[in-house]
Amino acid sequence: MTDLTRRRALFSGAALLSGSCLAALAVPARASAEPVVMADAPLLPAIRLTAALNRPHQDLSGAWAYSKDLYKTGWSTLMDWKPNRGNQRFSDVDVAAEEARDRYALFEYDMQNAPRMALPGAWNAALPQLRYYDGLIWFQRTFLVSPKPGERVLLRFEAVNYVTQVFVNGKTAGAHEGGFTPFTLDVTGLVRDGVNQVTLGVDSSHTDQSVPPRVTDWDIYGGVTRPVRLFVVPDTFIDDLYIRYTPEGRILAEARLMGPASAGSDVTLSLPALKLMARGRTDETGTAHFDLKAPRGLKLWTPESPTLYEVTVTAGTDSLSDRVGLRTIAVKGHQILLNGKPVFLRGICLHEEEFGSNPARNMTEPASRALLTEVKHGLNGNFVRLSHYPHSEVTTRLADEMGLLVWSEIPVYWAVAFGDARALTTARRMMAENILRDRNRASIIIWSVGNETPKTEARNHFMGTLADDAKRLDPSRLTSAALLVNKTKVDGVLHATIDDPMVDKLDILSANTYTAWYGNDRLEDVPAIKWSAPVDKPLIFSEFGADALAGFHAPDRRKFSEEFQADFYRATLANAATVPILAGLSPWILKDFQTPRREHPVYQNGWNRKGLLSETGARKQAFAVLAEWYSQRAI
Ligand code: GCB
């Protein structure tokens, strides 16, 4: 890219994404604040740091200084694509001291004296004036670290929405695109002994090429929405562990080391509760493979009995532990088999949004537990669809612990630029980051590659590539995507089918169906809908729902009343009971959620009201309808 085209791109705001997507890239230190652009960045994250939460670390949550920068002057200025000194929020400089030293010094920021924001948490919830802020904000804080020779310092970001550039002590440390998956940067070469400074440039704006694109049906939630953590690990460390159980009764595991001594090293794997202990040696890729016979006493993980086993890997001076469930998941005809037995998915969809009237997408353990408890014990559920993007690791770990099966999804949503190679690369990286983070979670049974997408050749290639990636990175799970339904009326009876070419590629067919909410059909016609699918595979109703304002009751049972929503559930569930290939449901949605798309001034006011619970957790009538239906299915 020439400087001229770069400048033009900067003016249009396109430079953030120009040339390629930004994966988590460790890049050489540079003076410029221009976001890192690398077309040939690898699809897999350079550092995985699997089960990072179980390692000793410093949690950098808390007060961070911030500075708004809507025109991105910290990245560029009008007359020079390099930001001038007076705008470089990432600089390692004491602005007030500079101003005192030189009366001509000109700074138009001062991070040391800037206001503070508590992170993690989306900025939209932090201050009323940031409610609809969609652009660049800088964050800065200091941390203490004193690495010894032979140690590495890693900074891990669990989720930052949407493009992030990271600076340590004024130097570029790396960049990342994508709002829901973790990235880890090796900052060993940038830190000094003692006090260090970390600065993040976080741009929430989405483009036509981003994933998701500009328009969705959920809120902006810009910023650092999950914790930032600092790790000090040995130079050669255990970067990844992948463990699973096979239908043949084997426990397979791969442990992958990273660092100068990764090849030809001894690795030990143990599951003490099962009295299993094995030694292996890493190959030239740094990977040690284990294949163990499961002992008779093994208790397989199920939603009813979610047994987790402690597993520990040791290599050199490093060790890594996790708690894992062991189970199998498969399909046979139109059945889903968990540990070889048919299972019906009694589920619900969830956005990552905590209870309350001003959510910040800050998924703490109690916040996540409150939501999942309503699924498990309120609705008698055994399944959650974590729509429409990877949720916090807090949630997937809780699902393991509480016994909930999980559908995990990446935000390939609606009008993604399916023909755009860059968008595909972004989506593939997200898929890889999501799977590598979570493929030890027994709760997760489905990797979803998209939601409500058009049936085009470009889309087929895009989502087909993602489905292939999912199988390559994790052959032990199923694939699906929420697809659109084709409906016709013949002799007064509605016929619904999923005539989507993706059906051949995916293990499970999933249909989003809103008959009698959207469109002209009537609730009376819903129970008799005749469903068919072009292939013999399990079908899930991945969405159905109707808005209702909690507390709004209407004698005429009109739309937006609790009565209409409850009738809608009764009709759709009556229909569900007639569909022989149906293997589960995840209605839309557990809780009302914020979205700028929904502005009916009486009923919505910025909230999608299809929740069975209000934003503060009040149960609507339909909640009991679904809970009762599930309690019957659970018998
Ligand atoms: C859908 C979308 C979901 C929306 C929902 C709705 O089909 O997948 O993201 O929020 O419908 O309420 O219309």
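Residue numbering note: each chain is counted from 1, following its sequence as written. Where local features are concerned, this predicted model is filtered to residues with pLDDT of at least 70; where side-chain atom pairs are given and counted, the filter is 80 or more; whole-chain, interface and lining totals use all residues. Neither water nor hydrogens contribute to the side-chain values; these are computed over all heavy atoms in the structure.

- The name given to the chain in an unreviewed UniProt entry is Beta-glucuronidase, and the organism recorded there is Asticcacaulis currens.
- UniProt positions are given in the numbering used here, feature names are shortened, and annotations may be inferred rather than shown by experiment. Check the Sequence similarities (unreviewed entry) section of the UniProt entry for the chain; it says "Belongs to the glycosyl hydrolase 2 family."

**Considering the pairing of strand β25 (residues 383-386)**
Okay, so step 1: Alternating residues of β25 divide into F383 and R385 and V384 and L386, and every residue in both groups is buried.
Okay, so step 2: Crossovers are marked right-handed if the path from the first strand over the helix to the second runs clockwise, as seen with the strands pointing away from the viewer. Only DSSP runs of H or I with at least four residues qualify as helices, and only runs of E with at least two residues qualify as strands; both kinds are numbered from the N terminus onward. The parallel pair strand β24 (residues 345-350) and β25 is bridged by helix α4 (residues 365-378), and the resulting crossover is right-handed.
Okay, so step 3: Paired strands, in this sense, are two strands between which DSSP finds at least two bridges. By the bridge criterion, 4 bridges tie β25 to strand β26 (residues 405-409) in an arrangement that is parallel. Bridge pairing in β26 links L386 to S408.
Okay, so step 4: Note that the unit made of β25, helix α5 (residues 393-402) and β26 has a crossover that is right-handed. Burial here depends on accessible area, computed with a 1.4 Å probe over protein chains only, as a share of the maximum for the residue type. Under 20% is buried, over 50% is exposed, and the range in between is partly exposed.

**Here we look at the domain arrangement of the chain**
Okay, so step 1: Per the domain assignment, the segments of the chain are domain 1 (3-231), domain 2 (248-327) and domain 3 (330-633).
Okay, so step 2: For each domain, the first and last residues come from an automatic or database assignment. A C-alpha centroid distance of 33 Å is found between domain 2 and domain 3.
Okay, so step 3: Listed by partner, the interface residues are 11 residues for domain 2 and 19 residues for domain 3.
Okay, so step 4: Of the roughly 1200 Å² buried where domain 2 meets domain 3, counting both sides, 52% is carbon and sulfur surface.
Okay, so step 5: By definition, a salt bridge exists where a carboxyl oxygen of Asp or Glu is found within 4 Å of a side-chain nitrogen of Lys or Arg. Inspection of the domain 2/domain 3 interface yields 2 salt bridges.
Okay, so step 6: Here R441 makes a salt bridge to D322, at a shortest N to O gap of 3.3 Å.
Okay, so step 7: Pairs of N or O atoms within 3.5 Å make up the polar contacts considered here, provided that, within protein, one atom can donate a hydrogen while the other can accept it, and that residues adjacent in sequence are counted only when both atoms are side-chain atoms. The tally of links from domain 2 across to domain 3 stands at 8 residue pairs in polar contact (both at pLDDT 80 or more).
Okay, so step 8: Just so you know the grouping, Ala, Val, Leu, Ile, Met, Phe, Trp, Tyr, Cys and Pro go in nonpolar, Asp, Glu, Lys and Arg go in charged, and all remaining residues, Gly too, go in polar. Class assignment of the residues belonging to the side of domain 2 that touches domain 3 gives a composition of 6 nonpolar, 2 polar and 3 charged. Whether two residues touch is decided by their heavy atoms; if any such pair falls within 4.5 Å, the residues are in contact. Two parts lose some accessible area (1.4 Å probe) when they are put together, and adding that loss for both gives the buried area.

**A closer look at the UniProt feature "domain: Glycosyl hydrolases family 2 sugar binding" (unreviewed entry) in the chain**
Okay, so step 1: What UniProt calls "domain: Glycosyl hydrolases family 2 sugar binding" (unreviewed entry) maps, in this numbering, to residues 126-234.
Okay, so step 2: Structurally, residues 126-234 is divided into 1% helix and 50% strand, and its ends, taken at the C-alpha atoms, are 37 Å apart.

**Details of the sheet that holds strand β21 (residues 329-332)**
Okay, so step 1: With antiparallel pairing, the 3 strands of this open sheet are ordered in space as β21-β22-β23. Looking along the sheet, the strands with just one partner apiece sit at the ends: β21 and β23 (341-342).

**Let's talk about the UniProt feature "domain: Glycoside hydrolase family 2 catalytic" (unreviewed entry) in the chain**
Okay, so step 1: According to UniProt, the feature "domain: Glycoside hydrolase family 2 catalytic" (unreviewed entry) maps to residues 329-606 in the numbering used here.
Okay, so step 2: Across residues 329-606 one finds 27% helix and 24% strand; the C-alpha atoms that close the span lie 39 Å apart.

**Points about the side chain of Q88**
Okay, so step 1: Relative to the assigned elements, Q88 resides in the loop between β3 (62-68) and α2 (95-101).
Okay, so step 2: Sequence-distant contacts of Q88, defined by excluding residues within four places in its chain, comprise P83 and Y109.

**Quick look at the pattern of salt bridges**
Okay, so step 1: A full pass over the atoms with the stated rule returns 48 salt bridges.
Okay, so step 2: Note that R48 and D240 form a salt bridge whose closest N and O atoms lie 2.8 Å from each other. On the criterion of sequence distance, the pair formed by R48 in the loop between β1 (25-26) and β2 (58-59) and D240 in strand β14 (residues 237-245) is long-range, its members being 192 residues apart. Comparing R48 with D240 shows no difference in burial state: the two are buried.

**Focus on the packing of aromatic side chains**
Okay, so step 1: Pairing of aromatic rings covers Phe, Tyr and the six-membered ring of Trp, with a centre-to-centre limit of 6.5 Å; geometry is then stacked below 30 degrees between planes, edge-to-face above 60, and tilted otherwise. Applying the stated criterion across every chain yields a total of 26 aromatic pairs.
Okay, so step 2: With a centroid separation of 4.7 Å and 75 degrees between ring planes, the pair formed by W218 and Y413 is classed as edge-to-face. Remark: Y413 occurs in the loop between β26 and α6 (421-438) and W218 occurs in the loop between β11 (194-203) and β12 (223-224); sequence separation between them is 195 residues.
Okay, so step 3: Among the residues examined, W218 registers a relative accessible area of 7% and is labelled buried.

**Topic: the sheet that holds β24**
Okay, so step 1: In spatial order, the strands read β24-β25-β26-β27-β28-β31-β33-β34; together these 8 strands close into a barrel with parallel pairing. The mean inter-strand angle of the sheet, taken between neighbouring strand axes irrespective of direction, is 30 degrees.
Okay, so step 2: With 4 bridges connecting them, β26 and strand β27 (residues 444-451) associate as parallel partners. Bridging from a neighbouring strand, V406 pairs with I444 of β27.
Okay, so step 3: Helix-sheet contacts for α4 involve β24 and β25, and the interaxial angle to β24 is about 150 degrees. What counts as an axis is a line fitted to C-alpha atoms, over the stretch in contact for a helix, and the angles between N-to-C directions run from 0 to 180 degrees.

**Quick look at the site of the ligand**
Okay, so step 1: For this purpose, a residue is taken to be near a molecule or strand whenever a single non-hydrogen atom of the residue falls within 4 Å of it. Inspection of the region around the ligand gives 14 residues, with D217, Y413, E452, Y518 and K610 positioned closest.
Okay, so step 2: Within the contact set of the ligand, an oxygen atom lies 2.7 Å away from a side-chain nitrogen or oxygen of H388.
Okay, so step 3: With respect to the ligand, the side chain of K610 contributes an N or O atom lying 2.6 Å from an oxygen atom.
Okay, so step 4: Per-residue accessibility takes into account occlusion by the displayed protein chains alone, with areas from the Shrake-Rupley method and a 1.4 Å probe. Contact with the protein chains hides 97% of the accessible area of the ligand, taken as 320 Å² for the molecule alone.
Okay, so step 5: Here the residues of the shell around the ligand sort into 5 nonpolar, 4 polar and 5 charged.

**Quick word on α4**
Okay, so step 1: When the terminal C-alpha atoms of α4 are compared, their 18 Å separation across 14 residues agrees well with the 20 Å that a helix rising 1.5 Å per residue should span.
Okay, so step 2: Listing the buried residues of α4 in full gives A367, S368, L371, L372, E374, V375, K376 and G378.
Okay, so step 3: On its buried face, α4 sits against β24, β25, α5 and α9 (621-633).
Okay, so step 4: Looking one or two residues past α4, N380 carries a phi angle of roughly 60 degrees, positive in sign. What a helix should span is 1.5 Å times the count of its residues minus one.

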